[in-house]
Amino acid sequence: MKKRTIISVVLMGALLMGCNSGDGTGETKGTAEESETSVQQTTETSEITETTETSETDPTRIASVLNEYDVFENGEAYELLRDYATAIEKNYDGQSLKYGFFDHYQSGDHIWLLGVSNGIDEYGFYASVNGEIKDVTEELGYCMHETGLFPYTQFMKLPCLINLEYVDELTDVTDTLEDGMYYGGILAVSEDAGKLVILTGDTVTFTPEEYENFKVGDVVYKDISVTYIDSDGNITLSDPYMSIRENYFDPNSEDYLLMDVSVPLKTNYRVAVISIDPDCSIIDNYGYLNLDMEGFDAYLSEHPDSTALERTNYWYLADRDDLTEPLGDNWTYRPSMLLPVVIENNTVVEATLDFR
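From a predicted model like this one, the values you see are computed outputs, not experimental measurements. (Residues numbered from 1 in each chain as written. Predicted model: local features only at pLDDT ≥ 70, side-chain atom pairs only at ≥ 80, totals over all residues. Heavy atoms only, no water.)

**Student:** Now, about the environment of Tyr166: what can you tell me, with residues and values included?
**Tutor:** By the secondary structure assignment, Tyr166 is in the loop between α5 (152–155) and β8 (170–174). A sequence separation of 21 residues divides Tyr166 from His145, and the C-alpha atoms of the two residues are 7.6 Å apart. Apart from the residues within four sequence positions on either side, Tyr166 is in contact with His145 and Thr147. (Helix = DSSP H or I, 4+ residues; strand = E, 2+ residues; numbered from the N terminus. Contact = heavy atoms within 4.5 Å.)

Spelled out as structure tokens, the structure:
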């Protein structure tokens, strides 16, 4: 056993753990040492006693900590984790940090975490445990994906809890999109159905001339190449899930789209927070999933003043099947694909809601 001094409890939160950091004892390298402290505390000097002889994590301790996660049913974790990110950013003295929201399921409970990384070899997961923000990296026991993380100023633009862990080539969080047609999905909806958080990106398109001039062996995108062209000019690609098809989403376009199964492949993903017109023109493909049309008709009769979005099978089924979840700051989880969505003046004016 040995004693060590805690200098600043906020600096402790800035300590990051990495798969290869430390000296094999489970301790983390840094300019200050602490993992289980509350961001609300003030800077002070105190003493703790810690065991340093153990080289492996105690499974009893893991079970104890994980079972003590705080469950925030109304999205309070959003502000709590943002505040902790702010404290880390203000006090961390080192490489630039990136932040993201992550989630974890424990005994059926949905737990939200703050992930922090220096983008090189150190990272940490933080969660509320018994009313305090604590470093739970060891207890979780898995490494952090470097996708879905943003510099602090971008991270703070996220309007609610969103896990973007598996989104590659994520570039921006914005409240401005140029007028046009986009493809992507809904991440969250404001409780008044007036705003959406959507994930969208740039499609990989080809002009008719580019399509006609493809030859076997040509690379169409990254490591995807043309392997066969039949007598009608139809192209087969090296990835069996990829294809090049005419853009049937947009009747005014002559271009071809690179498709991932039945969805346009996208690059340069960005998260956009935009308004949706209460009289938005909506194609609602969720009607194929609705086996309770009588109940849906009754719902429409009971809500004559609802918006176009609220009058969809998509909205009705999410409520009926309990597929919604508070994400903080009056946002709710209601996922859907957008194939496509039309934006004018930063407002959704047309949308096709799809579940594929």
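**Student:** Can you explain the nonpolar core? Please cite residues and give values.
**Tutor:** Counting 35 residues, the largest nonpolar core has Tyr99, Leu114, Leu164 and Val271 as the members making the most contacts within it. Broken down by secondary-structure element, the contributors of at least two residues to this core are α3 (77–91), β3 (98–106), β4 (109–117), α5, β8, β9 (180–190), β10 (195–203) and β18 (266–284). If one sorts the elements of this core by residue count, α3 sits on top with seven residues. Not counting residues within four places of it along the chain, the set of residues in contact with Tyr99 comprises Ala85, Ile88, Glu89, Leu114, Gly115, Val116, Gly148, Leu149, Phe150, Tyr152 and Phe155. Ile198, Ala272, Ile276 and Val348 belong to the second largest nonpolar core, which has 26 residues in total. (Core = buried A, V, L, I, M, F, W, Y, C linked by side-chain atoms within 4.5 Å. Buried < 20%, exposed > 50% of the residue type's maximum accessible area, 1.4 Å probe, protein only.)

**Student:** Explain a nonpolar patch on the surface to me, using residue names and the numbers behind them.
**Tutor:** Among the surface-exposed residues, Tyr288, Leu289 and Phe355 lie close enough to one another that they form a single nonpolar patch of about 350 Å² accessible area. Locating Tyr288 in the fold gives a position in the loop between β18 and α7 (293–302). (Patch = residues over 30% accessible without salt bridge, like charges linked within 9 Å, V, L, I, M, F, W, Y side chains within 5 Å. Areas by Shrake-Rupley, 256 points an atom, 1.4 Å probe, with all protein chains shown as cover. Salt bridge = Lys/Arg side-chain N within 4 Å of Asp/Glu carboxyl O.)

**Student:** A description of the packing of aromatic side chains should follow, citing residues and the corresponding values.
**Tutor:** Evaluation of the coordinates by the stated rule reveals 17 aromatic pairs. Where Tyr211 meets Tyr256, the ring centres are 4.1 Å apart and the plane angle is 5°; that geometry is what we call stacked. Of the two residues, Tyr211 sits in helix α6 (residues 208–212) while Tyr256 sits in strand β16 (residues 256–260), which places them 45 residues apart along the sequence. Each of the two residues, Tyr211 as well as Tyr256, counts as buried. Seen in terms of ring centroids, Tyr286 and Tyr314 are 5.4 Å apart; in terms of plane orientation they differ by 55°. Their pairing is tilted. Taken as a pair, Tyr286 in the loop between β18 and α7 and Tyr314 in helix α8 (residues 313–320) lie far apart in primary sequence, 28 residues in all. Given a relative accessible area of 10%, Tyr286 falls into the buried group. (Phe/Tyr/Trp six-rings, centres within 6.5 Å; stacked < 30°, edge-to-face > 60°.)

**Student:** Outline the sheet that holds strand β7 (residues 150–151), listing residues and values.
**Tutor:** Ordered in space as β6-β5-β4-β3-β7, the five strands form an open sheet in which the pairing is antiparallel. In the strand order of this sheet, the two ends are held by β6 (132–135) and β7, each with one partner. Where β3 lies against β4, nine bridges are found, and the strand directions are antiparallel. Its bridge partner being in β4, Tyr105 is matched across the sheet by His110. (Pairing = 2+ DSSP bridges.)

**Student:** Explain the sheet that holds strand β14 (residues 235–237) to me, using residue names and the numbers behind them.
**Tutor:** Spatially, β12-β13-β14 is the arrangement adopted by the three strands of the open sheet, whose pairing is antiparallel. Lying at the two open borders of the sheet, with one neighbouring strand each, are β12 (219–221) and β14. Each strand axis lies, on average, 45° off the axis of its neighbour in the sheet, ignoring direction. Relative to strand β13 (residues 224–229), β12 runs antiparallel, the two being bridged by two bridges. Bridging from a neighbouring strand, Val219 pairs with Ser225 of β13. (Axes fitted to C-alpha atoms, helices over the stretch in contact; angles between N-to-C directions.)

**Student:** Describe in detail unusual backbone geometry, supporting the description with residues and values.
**Tutor:** For the bond running from Leu339 to Pro340, omega is 0°, close enough to zero to count as cis. As for its placement among the helices and strands, Pro340 is situated in strand β21 (residues 336–344). Its identity as a non-glycine residue notwithstanding, Asn130 has a phi of 55°, on the positive side. Note that Asn130 resides in the loop between β5 (123–129) and β6. The phi angle at Glu169 is positive, at roughly 55°, despite the residue not being glycine. Along the chain, Glu169 turns up in the loop between α5 and β8.

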